Amino acid sequence: MIDRIGLHQLHNDPSPSPPPDASSGQMTDTGSGERPRVIAVWIILAAIIVSYILSSLLSGSLFQPSLRALLVLGAKENSLIDQGQYWRLLTATFLHGNLVHIFFNSFALYALGPESERIYGTARFLALYFIAGIGGSVASYLMSPVPSVGASGAIFGLIGGLGIFFYLNRQILGAWGRAQVQSMAAIAGINLVIGFSAPGVIDNWGHLGGLMAGLAVGFALAPRLTVNQTWFPPTLVRQFESWGWGMAVAVFAVLSALAVVLPGAS
(Lines give C-alpha, C1' and ligand atoms only; values in the text may rest on other atoms or scores of the structure.)
Protein backbone atom coordinates (compact mmCIF):
# COMPACT_ATOMS: atom_id res chain seq x y z
CA MET A 1 0.00 0.00 0.00
CA ILE A 2 1.23 3.48 -0.86
CA ASP A 3 -0.12 6.14 1.43
CA ARG A 4 0.19 9.75 2.45
CA ILE A 5 -1.37 10.14 5.86
CA GLY A 6 -3.17 12.84 7.78
CA LEU A 7 -1.33 13.61 11.01
CA HIS A 8 -4.41 14.25 13.13
CA GLN A 9 -5.17 10.53 13.17
CA LEU A 10 -1.70 9.75 14.49
CA HIS A 11 -1.94 12.18 17.35
CA ASN A 12 -5.42 12.33 18.53
CA ASP A 13 19.23 11.17 -17.96
CA PRO A 14 22.55 9.75 -16.81
CA SER A 15 24.49 11.25 -19.79
CA PRO A 16 24.06 14.68 -21.42
CA SER A 17 21.22 14.95 -23.93
CA PRO A 18 22.25 14.98 -27.59
CA PRO A 19 21.57 18.01 -29.77
CA PRO A 20 18.05 18.49 -31.12
CA ASP A 21 17.07 17.00 -34.43
CA ALA A 22 15.77 20.05 -36.25
CA SER A 23 13.80 18.04 -38.78
CA SER A 24 11.77 16.12 -36.20
CA GLY A 25 11.62 18.64 -33.35
CA GLN A 26 12.87 15.91 -31.02
CA MET A 27 15.90 15.03 -28.96
CA THR A 28 17.37 11.71 -30.15
CA ASP A 29 19.39 9.17 -28.18
CA THR A 30 20.36 5.89 -29.81
CA GLY A 31 21.89 4.66 -26.56
CA SER A 32 25.38 3.39 -25.81
CA GLY A 33 24.32 -0.17 -25.04
CA GLU A 34 25.15 0.33 -21.35
CA ARG A 35 22.55 -0.04 -18.63
CA PRO A 36 21.65 3.46 -17.36
CA ARG A 37 22.87 4.18 -13.84
CA VAL A 38 20.49 4.77 -10.96
CA ILE A 39 21.68 7.57 -8.70
CA ALA A 40 18.85 9.89 -7.68
CA VAL A 41 16.59 7.16 -6.28
CA TRP A 42 19.13 6.13 -3.66
CA ILE A 43 19.84 9.74 -2.69
CA ILE A 44 16.13 10.44 -2.22
CA LEU A 45 15.64 7.21 -0.28
CA ALA A 46 18.57 8.09 1.99
CA ALA A 47 17.13 11.60 2.56
CA ILE A 48 13.76 10.10 3.52
CA ILE A 49 15.39 7.72 6.00
CA VAL A 50 17.57 10.47 7.50
CA SER A 51 14.51 12.72 7.83
CA TYR A 52 12.65 9.97 9.67
CA ILE A 53 15.56 9.36 12.03
CA LEU A 54 15.77 13.08 12.75
CA SER A 55 12.04 13.34 13.45
CA SER A 56 12.30 10.29 15.72
CA LEU A 57 15.20 11.80 17.66
CA LEU A 58 13.32 15.06 18.13
CA SER A 59 10.27 13.12 19.30
CA GLY A 60 11.98 10.49 21.44
CA SER A 61 9.97 7.81 19.61
CA LEU A 62 11.17 5.58 16.79
CA PHE A 63 7.75 4.15 15.94
CA GLN A 64 5.77 7.38 15.77
CA PRO A 65 7.32 10.86 15.55
CA SER A 66 5.34 13.58 17.27
CA LEU A 67 3.19 16.04 15.39
CA ARG A 68 5.25 18.89 16.85
CA ALA A 69 8.51 17.44 15.48
CA LEU A 70 6.98 16.89 12.05
CA LEU A 71 5.66 20.44 11.94
CA VAL A 72 9.09 21.78 12.91
CA LEU A 73 10.70 19.77 10.10
CA GLY A 74 8.21 20.87 7.45
CA ALA A 75 4.93 18.96 7.44
CA LYS A 76 2.13 20.30 5.26
CA GLU A 77 0.11 22.58 7.54
CA ASN A 78 -2.30 24.88 5.76
CA SER A 79 -2.25 27.81 8.16
CA LEU A 80 1.56 28.00 7.98
CA ILE A 81 1.55 27.74 4.19
CA ASP A 82 -1.00 30.57 4.12
CA GLN A 83 1.60 32.62 5.99
CA GLY A 84 4.08 32.09 3.16
CA GLN A 85 5.86 28.89 4.19
CA TYR A 86 5.51 27.38 0.72
CA TRP A 87 8.61 25.23 1.20
CA ARG A 88 6.40 22.88 3.22
CA LEU A 89 4.85 21.71 -0.04
CA LEU A 90 8.20 20.05 -0.77
CA THR A 91 9.56 19.17 2.67
CA ALA A 92 6.39 17.27 3.57
CA THR A 93 7.31 14.71 0.92
CA PHE A 94 10.41 13.68 2.90
CA LEU A 95 8.59 13.14 6.22
CA HIS A 96 6.56 10.18 7.48
CA GLY A 97 4.18 9.70 10.35
CA ASN A 98 5.23 6.29 11.67
CA LEU A 99 7.40 3.26 11.02
CA VAL A 100 4.78 1.46 8.93
CA HIS A 101 4.22 4.58 6.83
CA ILE A 102 7.88 5.00 5.92
CA PHE A 103 8.29 1.26 5.30
CA PHE A 104 5.55 1.11 2.66
CA ASN A 105 6.56 4.33 0.92
CA SER A 106 10.25 3.42 0.96
CA PHE A 107 9.48 0.00 -0.47
CA ALA A 108 7.32 1.57 -3.20
CA LEU A 109 10.14 3.97 -4.11
CA TYR A 110 12.60 1.05 -4.13
CA ALA A 111 10.26 -0.92 -6.43
CA LEU A 112 9.29 1.85 -8.86
CA GLY A 113 12.15 4.33 -8.68
CA PRO A 114 15.02 2.50 -10.40
CA GLU A 115 12.92 1.57 -13.43
CA SER A 116 11.63 5.13 -13.66
CA GLU A 117 15.11 6.64 -13.50
CA ARG A 118 16.47 4.23 -16.11
CA ILE A 119 13.61 5.06 -18.48
CA TYR A 120 13.60 8.82 -18.01
CA GLY A 121 17.23 9.51 -17.15
CA THR A 122 18.28 11.17 -13.91
CA ALA A 123 17.38 14.79 -14.71
CA ARG A 124 13.94 13.97 -16.08
CA PHE A 125 13.30 11.52 -13.25
CA LEU A 126 14.04 14.23 -10.68
CA ALA A 127 11.66 16.62 -12.43
CA LEU A 128 8.94 13.95 -12.53
CA TYR A 129 9.40 12.98 -8.89
CA PHE A 130 9.56 16.43 -7.34
CA ILE A 131 6.88 18.10 -9.47
CA ALA A 132 4.56 15.18 -8.73
CA GLY A 133 5.39 15.46 -5.02
CA ILE A 134 4.60 19.17 -5.06
CA GLY A 135 1.45 18.44 -7.05
CA GLY A 136 0.30 16.08 -4.32
CA SER A 137 1.04 18.64 -1.62
CA VAL A 138 -0.77 21.42 -3.49
CA ALA A 139 -3.86 19.23 -3.98
CA SER A 140 -3.81 18.33 -0.30
CA TYR A 141 -3.34 21.99 0.67
CA LEU A 142 -6.30 23.10 -1.43
CA MET A 143 -8.66 20.25 -0.56
CA SER A 144 -7.75 18.95 2.92
CA PRO A 145 -7.36 21.02 6.10
CA VAL A 146 -5.53 18.19 7.88
CA PRO A 147 -1.73 18.39 8.39
CA SER A 148 -0.06 15.63 6.40
CA VAL A 149 3.27 14.11 5.40
CA GLY A 150 4.49 11.43 3.04
CA ALA A 151 6.27 10.65 -0.21
CA SER A 152 3.25 8.92 -1.72
CA GLY A 153 2.22 11.90 -3.87
CA ALA A 154 5.61 11.70 -5.58
CA ILE A 155 5.35 7.90 -5.80
CA PHE A 156 1.92 8.18 -7.40
CA GLY A 157 3.63 10.53 -9.83
CA LEU A 158 6.06 7.73 -10.70
CA ILE A 159 3.11 5.42 -11.30
CA GLY A 160 1.66 8.04 -13.63
CA GLY A 161 5.02 8.57 -15.33
CA LEU A 162 5.57 4.86 -15.91
CA GLY A 163 1.99 4.39 -17.05
CA ILE A 164 2.17 7.17 -19.62
CA PHE A 165 5.56 5.93 -20.89
CA PHE A 166 4.19 2.45 -21.52
CA TYR A 167 1.02 3.90 -23.04
CA LEU A 168 2.88 6.16 -25.46
CA ASN A 169 5.09 3.24 -26.52
CA ARG A 170 2.48 0.47 -26.39
CA GLN A 171 2.76 -0.25 -30.12
CA ILE A 172 6.49 -0.81 -30.20
CA LEU A 173 6.52 -2.65 -26.84
CA GLY A 174 3.70 -4.93 -27.90
CA ALA A 175 1.70 -7.08 -25.49
CA TRP A 176 4.22 -6.56 -22.70
CA GLY A 177 3.88 -2.78 -22.93
CA ARG A 178 0.09 -2.97 -22.89
CA ALA A 179 0.26 -5.26 -19.86
CA GLN A 180 2.43 -2.69 -18.09
CA VAL A 181 -0.16 0.02 -18.75
CA GLN A 182 -2.82 -2.20 -17.15
CA SER A 183 -0.51 -2.96 -14.24
CA MET A 184 0.15 0.72 -13.49
CA ALA A 185 -3.57 1.49 -13.72
CA ALA A 186 -4.34 -1.37 -11.34
CA ILE A 187 -1.73 -0.24 -8.80
CA ALA A 188 -3.06 3.31 -8.85
CA GLY A 189 -6.68 2.16 -8.68
CA ILE A 190 -6.16 -0.25 -5.78
CA ASN A 191 -4.30 2.33 -3.73
CA LEU A 192 -6.90 5.00 -4.41
CA VAL A 193 -9.67 2.63 -3.32
CA ILE A 194 -7.74 1.90 -0.12
CA GLY A 195 -7.35 5.64 0.40
CA PHE A 196 -11.04 6.36 -0.08
CA SER A 197 -11.88 3.55 2.34
CA ALA A 198 -9.96 5.35 5.09
CA PRO A 199 -11.01 9.03 4.80
CA GLY A 200 -9.17 11.30 7.21
CA VAL A 201 -6.42 8.73 7.76
CA ILE A 202 -4.98 8.57 4.24
CA ASP A 203 -4.57 11.80 2.28
CA ASN A 204 -6.14 10.75 -1.00
CA TRP A 205 -6.05 14.30 -2.37
CA GLY A 206 -2.27 14.09 -2.15
CA HIS A 207 -2.38 10.83 -4.10
CA LEU A 208 -4.64 12.22 -6.80
CA GLY A 209 -2.62 15.42 -7.15
CA GLY A 210 0.62 13.47 -7.46
CA LEU A 211 -0.88 11.08 -10.01
CA MET A 212 -2.25 13.87 -12.20
CA ALA A 213 1.00 15.85 -12.05
CA GLY A 214 2.94 12.68 -12.85
CA LEU A 215 0.79 11.99 -15.89
CA ALA A 216 1.28 15.54 -17.17
CA VAL A 217 5.03 15.69 -16.58
CA GLY A 218 5.44 12.12 -17.79
CA PHE A 219 3.66 12.97 -21.05
CA ALA A 220 6.07 15.86 -21.52
CA LEU A 221 9.31 14.12 -20.59
CA ALA A 222 8.80 10.43 -21.41
CA PRO A 223 11.01 9.10 -24.21
CA ARG A 224 9.26 7.98 -27.38
CA LEU A 225 10.73 4.73 -28.71
CA THR A 226 11.32 4.03 -32.38
CA VAL A 227 13.31 1.41 -34.27
CA ASN A 228 16.04 2.55 -36.63
CA GLN A 229 16.01 -0.16 -39.30
CA THR A 230 18.71 1.47 -41.38
CA TRP A 231 21.27 -0.08 -39.01
CA PHE A 232 22.02 -3.78 -38.61
CA PRO A 233 20.95 -5.09 -36.27
CA PRO A 234 18.04 -2.62 -35.97
CA THR A 235 18.57 -0.16 -33.10
CA LEU A 236 16.02 1.03 -30.56
CA VAL A 237 16.06 4.82 -30.45
CA ARG A 238 14.81 7.04 -27.61
CA GLN A 239 13.42 10.38 -28.72
CA PHE A 240 12.54 13.22 -26.34
CA GLU A 241 10.13 15.92 -27.42
CA SER A 242 11.81 19.31 -27.77
CA TRP A 243 8.89 20.97 -25.96
CA GLY A 244 9.02 18.55 -23.04
CA TRP A 245 11.00 20.64 -20.59
CA GLY A 246 8.89 23.69 -21.39
CA MET A 247 5.71 21.78 -20.54
CA ALA A 248 7.22 20.42 -17.32
CA VAL A 249 8.14 23.95 -16.24
CA ALA A 250 4.61 25.08 -17.11
CA VAL A 251 3.10 22.36 -14.89
CA PHE A 252 5.34 23.48 -12.03
CA ALA A 253 4.35 27.12 -12.65
CA VAL A 254 0.64 26.28 -12.58
CA LEU A 255 1.02 24.35 -9.31
CA SER A 256 2.99 27.23 -7.78
CA ALA A 257 0.36 29.75 -8.87
CA LEU A 258 -2.45 27.65 -7.39
CA ALA A 259 -0.66 27.48 -4.05
CA VAL A 260 0.07 31.21 -3.99
CA VAL A 261 -3.28 32.51 -5.28
CA LEU A 262 -5.77 30.13 -3.66
CA PRO A 263 -6.24 29.74 0.10
CA GLY A 264 -5.76 26.38 1.73
CA ALA A 265 -8.72 24.30 2.89
CA SER A 266 -9.91 25.12 6.39
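As the structure is a computational prediction, the values presented were derived from the model and not from experiment.

Colleague: Would you mind going over the packing of helix α8 (residues 170-196) against helix α9 (residues 204-221) in detail, with residue names and values included?
Modeller: Two quantities define a packed helix pair, namely the angle between the helix axes and the distance between the axes. Where α8 contacts α9, the axes come no closer than 9 Å and their chain directions differ by 155°. Taken together, the axis directions place α8 and α9 in an arrangement best described as roughly antiparallel. The hand of the α8/α9 crossing is left-handed. Between α8 and α9, the residues in contact are Ala188, Asn191, Leu192, Gly195 and Phe196 and Asn204, His207, Leu208 and Leu211, respectively. Per-class residue counts for the contact of α8 with α9 are five nonpolar, four polar and no charged.

Colleague: So what about the pairing of strand β6 (residues 235-241)? Which residues, and what values?
Modeller: The buried count for β6 comes to six of seven residues, which makes it a mostly enclosed element. In sequence, strand β5 (residues 224-228) turns back onto β6 through a hairpin of six residues.

Colleague: Can you tell me about a nonpolar patch on the surface, naming the residues and giving the values?
Modeller: Side chains of Tyr86, Val254, Leu258, Val260, Val261 and Leu262 sit close together on the surface and give an oily, nonpolar patch of about 510 Å² of accessible area. Among the secondary structure elements, leucine 258 is positioned in helix α10 (residues 244-261). A relative accessible area of 32% means that leucine 258 is categorised as partly exposed.

Colleague: Explain the packing of helix α5 (residues 99-120) against helix α6 (residues 122-143) residue by residue, including any values.
Modeller: The contact between α5 and α6 brings their axes to 7 Å, and the two run at 130°. The angle between α5 and α6 falls in the class oblique. Both α5 and α6 take part in a crossing whose hand is right-handed. Seen from α5, the contacting residues are Leu109, Gly113, Ser116, Glu117 and Tyr120; seen from α6, they are Thr122, Arg124, Phe125, Leu128 and Tyr129. Residue composition of the contact of α5 with α6, by class: five nonpolar, three polar and two charged.

Definitions and limits used
- Residues numbered from 1 in each chain as written.
- Predicted model: local features only at pLDDT ≥ 70, side-chain atom pairs only at ≥ 80, totals over all residues.
- Heavy atoms only, no water.
- Axes fitted to C-alpha atoms, helices over the stretch in contact; angles between N-to-C directions.
- Helix = DSSP H or I, 4+ residues; strand = E, 2+ residues; numbered from the N terminus.
- Parallel < 35°, antiparallel > 145°, perpendicular 65-115°, else oblique.
- Left-handed = near helix turned anticlockwise from the far one by under 90°.
- Contact = heavy atoms within 4.5 Å.
- Nonpolar A, V, L, I, M, F, W, Y, C, P; charged D, E, K, R; others polar.
- Buried < 20%, exposed > 50% of the residue type's maximum accessible area, 1.4 Å probe, protein only.
- Pairing = 2+ DSSP bridges.
- Patch = residues over 30% accessible without salt bridge, like charges linked within 9 Å, V, L, I, M, F, W, Y side chains within 5 Å.
- Areas by Shrake-Rupley, 256 points an atom, 1.4 Å probe, with all protein chains shown as cover.
- Salt bridge = Lys/Arg side-chain N within 4 Å of Asp/Glu carboxyl O.

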